[in-house]
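Okay, here's what each chain looks like letter by letter:
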Amino acid sequence: MTEAKPISPNGKRGNEQDHCGSAGKDRLVILSYSSPMLTISSADALLVVDVQNDFLPGGALAVPDGDAVIPIINRLMRLPFGAIVATQDWHPAGHCSFREQGGPWPEHCLTDTQGAALADALDRAPLALELRKGRTQAVDSYSAFVENDRLTHTILADWLSERAIKRVFVTGLALDYCVTATAMDARRAGFESLIVVDACRGIAPEAEAIAQATAAGIRIVKEQDLS
């Protein structure tokens, strides 16, 4: 089950979704990308994936250098996107992804805890939607569009389509888990899908995640390519 909430002008949220992953500073400088300048318009959406306290340095499932994405994402939010969406992992106690239950991850992003909260330094004022995922105890959810059972869809595709969004730019944590899963499902849902690679960090080497994404038809860009 997923949940999503629109954000009111006073910064209050609606319902949301969650994430899993990590990233390393040394991996982001391995590859070089070049792209023609892209002009952002109202037909574009910025997706900010799982920039939560538990994925930042010192958190329960810290992504190395994960906090480095925050200033880049805050700058990207100043561009004229038609929609800006943040996702969150939002797990119940005893979630299937936790090691205690036989899953791959330490306990993280528990519902209504500080670890599950969006990073304090992340600018929430531009957010139109906060989407929480991984709310069902027996099913994990890397993608912001479809849970890991590949049957349960979130509201995100319909929500973006209702706002005439055609292209999505994916940022956040972790590149090789929730970011790539979200970008791939965005493409499957009919959107042009791009990853802003310097606004992401991942667990595995960058080249592996980028190869997977590009093979799926996802374009790789950097902050400097957008205006």
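For the structure, check the block above.
Note that the structure is a prediction, hence the values are computed from the model and not measured. Position labels on residues start from 1 in each chain and follow its written sequence. Given that the model is predicted, a residue must reach a pLDDT of at least 70 before its local features are reported, and side-chain atom pairs must reach 80 or more before they are shown or counted; all residues, however, enter totals for whole chains, interfaces and linings. Heavy atoms throughout the structure, all of them, feed into the side-chain values; hydrogens and water do not.

Note on geometry: axes are lines fitted to C-alpha atoms, helical ones only across the stretch in contact, with angles between N-to-C directions running from 0 to 180 degrees. The helix and strand labels rest on DSSP assignments: H or I over at least four residues marks a helix, E over at least two residues marks a strand, and numbering proceeds from the N terminus. Where helix 3 (residues 175-188) contacts helix 4 (residues 206-215), the axes come no closer than 10 Å and their chain directions differ by 10°. In this view, helix 3 runs roughly parallel relative to helix 4, as classed from their interaxial angle. Of the two elements, helix 3 crosses helix 4, and the hand of that crossing is right-handed. In contact with Leu-175, Asp-176, Thr-180 and Met-184 of helix 3, helix 4 contributes Glu-206, Ala-209, Ile-210, Gln-212 and Ala-213. For classification purposes, an angle smaller than 35 degrees is called roughly parallel, one larger than 145 roughly antiparallel, one from 65 to 115 roughly perpendicular, and anything else oblique. Working rule for handedness: look at the near helix, and if it is turned counterclockwise from the far one by less than a right angle, call the crossing left-handed; if clockwise, right-handed. The contact rule is simple, with two residues in contact once any of their heavy atoms fall within 4.5 Å.

This paragraph deals with the nonpolar core. Only buried residues count toward a nonpolar core, which is a set of Ala, Val, Leu, Ile, Met, Phe, Trp, Tyr and Cys residues joined through side-chain atoms within 4.5 Å. Buried, partly exposed and exposed residues are distinguished by accessible area as a fraction of the type maximum, computed with a 1.4 Å probe on protein chains only: under 20%, between the cut-offs, and over 50%, respectively. Within the largest apolar cluster, 66 residues are counted, with the highest numbers of intra-cluster contacts made by Val-48, Leu-156, Leu-160, Val-168, Phe-169 and Ile-195. If you tally residues by element for this core, the top one is helix 3, at seven residues. Ignoring anything within four residues of it in the chain, the contact list for Phe-169 reads Leu-38, Ile-40, Asp-44, Ala-45, Leu-46, Leu-47, Phe-81, Leu-194, Val-196, Val-221 and Leu-226.

Turning our attention to unusual backbone geometry. Of note, the bond from Leu-173 into Ala-174 is cis; its omega dihedral lies within 30 degrees of zero at -10°. Inspection of the secondary structure assignment puts Ala-174 in the loop between strand 5 (167-173) and helix 3. In this structure, Asp-112 is a non-glycine residue whose phi angle is positive, near 60°. Mapped onto the secondary structure, Asp-112 falls in the loop between strand 3 (83-89) and strand 4 (129-133). Note on Asp-112: relative accessible area 65%, which makes it exposed. You will see that Ala-164, though not glycine, has its phi angle at about 60°, which is positive. By the element assignment, Ala-164 lies in the loop between helix 2 (156-162) and strand 5.

A separate point is the side chain of Gln-52. Looking at where Gln-52 falls in the secondary structure, it is placed in the loop between strand 2 (44-49) and helix 1 (69-76). Whenever two N or O atoms come within 3.5 Å, that pair is a polar contact, provided that in protein one can donate a hydrogen and the other can accept it, and provided that, for residues adjacent in sequence, both atoms are side-chain atoms. Separated by 2.7 Å, the side chain of Gln-52 and the backbone nitrogen of Asp-89 make a polar contact.

What follows is about helix 3. Each residue after the first adds 1.5 Å to the expected span of a helix. Over its 14 residues, helix 3 runs 18 Å from end to end, which matches the ideal 20 Å to within 8%, given 1.5 Å per residue. In terms of burial, helix 3 is a largely internal element, eleven of the 14 residues being buried. For helix 3, the set of buried residues is Leu-175, Asp-176, Cys-178, Val-179, Thr-180, Ala-181, Thr-182, Ala-183, Met-184, Asp-185 and Ala-186. On its buried side, helix 3 packs onto strand 2, strand 4, strand 5, strand 6 (192-201) and helix 4. In the stretch just after helix 3, Gly-190 is the one whose phi turns positive, near 100°.

Among the five residues that make up strand 4, five are buried, leaving the element largely enclosed by the rest of the structure. Residues Leu-129, Leu-131 and Lys-133 point to one face of strand 4 and Glu-130 and Arg-132 to the other, with burial holding for every one of them. Two strands pair when backbone bridges link them, and strand 3 and strand 4 are joined in this way by five bridges, in the parallel orientation. Bridge pairing in strand 4 links Thr-87 to Leu-131. We call two strands paired when DSSP finds no fewer than two bridges between them.

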